[in-house]
Amino acid sequence: MCGIIGYVGQRPALPILIEGLRRLEYRGYDSAGVALMERGKLQISKSAGRISVLEQMLDMQAKPKAGIGHTRWATHGAPTDVNAHPHTDASGRIAVVHNGQIENDRALRTYLERQGVEFRSDTDTEALAHLISRFYQGNLEQAVRQALHEISGAYAIAVVCSDEPDVIVAARNGGPLLIGVGKGEHLVASDPAAILSHTTQVVYMSDGEMARITPDHVHMTTLDAIPVTREIEEIEWGLEQIELDGYDHFMLKEIHEQPEALQDCLRGRIEARSGSIHLGGLVDCTRELTRARRFILTGCGTAWHAALVGEYLFEELIRTPTETEYASEFRYRNPVIDDGTVVIAVSQSGETADTLAALVEAKQRGALTLGVVNVVGSSIARETDSGVYLHVGPEIGVASTKAFTAQVAVLAMMACYLGRRKHLSPAAASQFITALEQIPKQIAEILERAGDAKVVAERYAGFENWLYLGRGYNYPVALEGALKLKEISYIHAEGLPAAEMKHGPIALIHEGMPVVVIATSGSQYDRITNNIAQVRARGGSIIAIATEGDRQIAKMAEHVLYVPDTPEPLQPLLTVIPLQLIAYHAAVLRGCNVDKPRNLAKSVTVE
Ligand code: AGP
């Protein structure tokens, strides 16, 4: 996902832009650039590579008090200097930074080339710069408005013009954009993290809105020039939550934050004694939810794994048919949505394009839609009819960790909340919530033994193929453990329902092959230990995730990582922790960039 930052005010803009770009780099990073404005001139600097490459080109003493910046994760055109943003028109008078994709880019380019425009880059954004220029007659806001009426697709943009050096025009339609409010200055950004050190007062823009931003004023309208009034909101997160806090990587920090993050997620929402759950976001639609005839949980990647745990939780506690769908598949397969269908979108960023599109599709077909989202004010949060926020603070590491456990915890609370309105007894709910209340402390206990996971990584980081096996509630955890290893250490790993191994994948087992098996106490214990025996008979090396006190498992495994006991429906909250740590240490041992894995971005806002 690309990052956008803009500043207009009384201070030199460049240091503010560079600091903002650094805080945005985790979202998408293969090139970066800035445009500084002074009367009659735009200074454009941009390059492929990291922000540090860009900084070498800049005079950090530059005087201009207005400018825009961008970090790019390539969608149209390779990550090169010329394809980096900002993009300008032929005269160099107008500059644009853009997050999203212009779908009629080809037709636009053809039209403009026929008008004599010579393109320098392969990007869709450059076409927008030329189009704005063609409409510009001294009013940048008007020119942007006219240009945006000619394009289709998703965008969040910031536009500047050397003839109006203290104006930034911003617009959004399908990509996050917010305005930071300061004293005699304003900022615009695609993520609160970029402006947090300057202000916590923000205005979240909605799709189809524009803003003309000057040091003292923000004028918001729709694309059709209808004035819009938006409340100023307070960003809940502190800067320290953005910083590394002494950890080597954001991912490690966020793994270790999970006890506190889960506390924050549960706070004020659970009451063990009475067996009650309080989810403010569901109050207005509880009646409709209680009458739901079917739930569809949808998401991508890790969020999809959390949704799969949710499926098991919903069917067990609410006893309503529930299915989990990959958002990218759901949106294109003409899904059956009928009365009584509730669609729940699970997403950390709230900006994942496939998940957002699946949601829009579900809404158009009449489903009640809920969001399980971390980023307040994000597109998915605003698109859904209602929802429950994770409240775990910003997740910076590209590999999702605390968001996964929080998503599962929220889905567990939703299942209990709705279950109590159907067949779940107060006693059963109280027992469930009492166990849920223990989870943060139990995660802390697991983290005290984090070294055990490092030993496993040291022994097997050189193996290029791993298997992860789980049953029941731990089957989605096996998938999640495999994804964690893949995405940060680049080791190929496959997660499977353990029983599926004998239907083909068992052919993969070779001498010494690392096979992670989640073999915690519960209804599937005997079967999963049989699976362990099958793997060992073929020479595989067993890394078992087991329940504290289980000594039998130690006789069957090369390594055992223990987790405290908890009811099966809540086990994913604990069994995932050692798997996160194994993946982290394997990646570090292999010299991989843990927080910014190759080819990946924190939030995939394109198809
Ligand atoms: C998780 O480790 C991955 N980085 C990725 O699968 C992620 O979960 C997925 O892209 C969904 O993101 P979201 O939760 O922000 O929608």
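Because the structure is predicted, anything quoted here is derived from the model rather than measured.

A. View of the overall build of the chain. Summing up its helical and strand segments, the chain has 19 helices and 26 strands in all. Taking 2.2 N^0.38 as the reference for a compact globule, 607 residues should give roughly 25 Å; the C-alpha atoms of the chain span a radius of gyration of 25 Å, in line with that estimate. Principal-axis analysis of the C-alpha atoms places the extent of the chain at approximately 75 × 55 × 45 Å. Taken over 607 residues, the chain has a buried fraction of 62%.

B. Highlighting helix α12 (residues 353-364). Over its 12 residues, α12 runs 16 Å from end to end, which matches the ideal 16 Å to within 8%, given 1.5 Å per residue. Those residues of α12 lying buried are Ala353, Asp354, Thr355, Leu356, Ala358, Leu359, Glu361 and Ala362. Against β17 (294-299), α11 (327-330), β19 (341-347), β20 (368-373) and α13 (379-383) lie the buried residues of α12. In the segment just after α12, Gly366 is the residue with positive phi, at about 95 degrees.

C. Representation of the packing of helix α4 (residues 124-135) against helix α5 (residues 140-148). α5 packs onto α4 with a crossing angle of 120 degrees between their chain directions and a minimal axis gap of 8 Å. What the angle tells us is that α4 and α5 run oblique. α5 is crossed by α4, and the crossing has right-handed handedness. In this structure, α4 uses Leu128, Leu131, Ile132 and Phe135 to contact α5, whose residues at the interface are Leu140, Ala143, Val144, Gln146, Ala147 and Leu148. Taken together, the residues that form the contact of α4 with α5 break down as 9 nonpolar, 1 polar and no charged.

D. Expanded view of the site of the ligand. Inspection of the region around the ligand gives 14 residues, with Ser347, Gln348, Ser349, Thr352 and Glu487 positioned closest. In the model, an oxygen atom of the ligand is placed 2.7 Å from a nitrogen or oxygen of the Gln348 main chain. Taking Val398, its main chain carries an N or O atom lying 2.9 Å from a nitrogen atom of the ligand. Relative to its free-state accessible area of 410 Å², the ligand is covered by the protein chains to the extent of 91%. For the shell around the ligand, the secondary-structure elements that each account for two or more residues are α10 (301-317) and α17 (475-489). Looking at the shell around the ligand, its residues break down into 5 nonpolar, 7 polar and 2 charged.

E. Quick look at the packing of aromatic side chains. For the structure shown, the criterion picks out 6 aromatic pairs. Taken together, a centroid distance of 5.6 Å and an interplanar angle of 55 degrees make the contact between Tyr312 and Tyr473 tilted. In this pair, Tyr312 sits in helix α10 while Tyr473 sits in the loop between β22 (465-470) and α17, placing the two residues 161 residues apart along the sequence. For Tyr312, a relative accessible area of 27% corresponds to the partly exposed category. By relative accessible area, Tyr473 is classed as buried at 7%.

F. Highlighting the pairing of β22. For β22, the tally of buried residues reaches 5 of 6 residues, placing the bulk of the element in the interior. Crossover connection from β22 via α17 to parallel strand β23 (residues 492-497): handedness right-handed.

G. Summary view of unusual backbone geometry. Cis geometry is found at the peptide bond from His85 to Pro86, where omega equals 5 degrees. Checked against the element boundaries, Pro86 lands in the loop between β4 (66-72) and β5 (87-88). Backbone geometry at Ala225 places phi at a positive 70 degrees, although glycine is not the residue there. Among the residues examined, Ala225 registers a relative accessible area of 42% and is labelled partly exposed. Of note in the backbone geometry, Asn334 takes a positive phi value of approximately 50 degrees without being a glycine. Mapped onto the elements, Asn334 comes out in the loop between α11 and β19.

H. Spatial organisation of the sheet that holds β20. Strand order in the open sheet formed by 5 strands is β18-β17-β19-β20-β21, and the pairing between neighbours is parallel. The sheet terminates laterally at β18 (322-326) and β21 (386-389), the two strands that pair on one side only. For this sheet, the mean angle separating the axes of adjacent strands, direction not counted, is 20 degrees. The pairing of β17 with β18 spans 5 bridges and is classified as parallel. In the strand pairing of β18, Leu297 is matched with Thr324. Strands in contact with α10 are β17, β18 and β19; relative to β18, the strand with the most contacts, it is inclined by about 170 degrees. Docked against the sheet, α12 engages β17, β19 and β20, running at close to 165 degrees with respect to β19.

I. Up close: the sheet that holds β4. Overall, antiparallel pairing links the 8 strands, which are arranged β3-β2-β4-β1-β10-β9-β11-β14 in an open sheet. Of all strands in the sheet, those with a lone pairing partner are β3 (41-48) and β14 (233-234), marking the two edges. Relative to strand β1 (residues 3-8), helix α1 (residues 13-24) is tilted by about 160 degrees, and along the sheet it contacts β1, β2 (31-38), β4 and β10 (186-189).

J. Layout of the packing of helix α8 (residues 258-266) against helix α14 (residues 402-419). Direction vectors running N to C along α8 and α14 enclose 30 degrees, while the axes themselves pass 10 Å from each other. Classed by the angle they form, the pair α8 and α14 counts as roughly parallel. Judged by the sense of rotation from one axis to the other, the crossing of α8 with α14 is right-handed. On the side of α8, the interface is formed by Gln258, Ala261, Leu262, Cys265 and Leu266, while α14 contributes Lys402, Thr405, Ala406, Ala409, Val410 and Met413.

K. Region of the structure containing the pattern of salt bridges. The full count for this structure, using the stated rule, is 22 salt bridges. Two residues, Arg230 and Glu209, come together in a salt bridge whose shortest N-O distance is 2.7 Å. Of this pair, Arg230 sits in the loop between β13 (218-222) and β14 while Glu209 sits in strand β12 (residues 209-213); the two residues are 21 residues apart in sequence, bridging distant segments of the chain. When its relative accessible area of 33% is taken as the criterion, Arg230 is described as partly exposed. The class of Glu209 is buried, set by a relative accessible area of 6%. Note that Arg267 and Asp264 form a salt bridge whose closest N and O atoms lie 2.7 Å from each other. Judged by its relative accessible area of 54%, Arg267 falls in the exposed class.

L. Layout of the side chain of Arg109. Along the chain, Arg109 falls in helix α3 (residues 105-114). One buried charged residue, Arg109, forms no salt bridge at all, with the nearest opposite charge on Asp105 at 4.2 Å. Every residue in contact with Arg109, bar those within four places of it in the chain, is listed here: Phe119, Ser121, Asp122 and Thr123.

M. Region of the structure containing the nonpolar core. Counting residues in each nonpolar core, the largest one holds 95 residues, and the members touching the most others are Met414, Trp466 and Tyr468. Looking at this core element by element, the count peaks at 14 residues for α14.

About the thresholds
- Residues numbered from 1 in each chain as written.
- Predicted model: local features only at pLDDT ≥ 70, side-chain atom pairs only at ≥ 80, totals over all residues.
- Heavy atoms only, no water.
- Helix = DSSP H or I, 4+ residues; strand = E, 2+ residues; numbered from the N terminus.
- Rg over C-alpha atoms; globule rule 2.2 N^0.38 Å.
- Buried < 20%, exposed > 50% of the residue type's maximum accessible area, 1.4 Å probe, protein only.
- Expected span 1.5 Å × (residues − 1).
- Contact = heavy atoms within 4.5 Å.
- Axes fitted to C-alpha atoms, helices over the stretch in contact; angles between N-to-C directions.
- Parallel < 35°, antiparallel > 145°, perpendicular 65-115°, else oblique.
- Left-handed = near helix turned anticlockwise from the far one by under 90°.
- Nonpolar A, V, L, I, M, F, W, Y, C, P; charged D, E, K, R; others polar.
- Near = heavy atom within 4 Å.
- Polar contact = N/O pair within 3.5 Å; in protein donor to acceptor, adjacent residues only side chain to side chain.
- Areas by Shrake-Rupley, 256 points an atom, 1.4 Å probe, with all protein chains shown as cover.
- Phe/Tyr/Trp six-rings, centres within 6.5 Å; stacked < 30°, edge-to-face > 60°.
- Right-handed = clockwise from strand over helix to strand, strands pointing away.
- Pairing = 2+ DSSP bridges.
- Salt bridge = Lys/Arg side-chain N within 4 Å of Asp/Glu carboxyl O.
- Lys, Arg positive; Asp, Glu negative; His and termini not counted.
- Core = buried A, V, L, I, M, F, W, Y, C linked by side-chain atoms within 4.5 Å.

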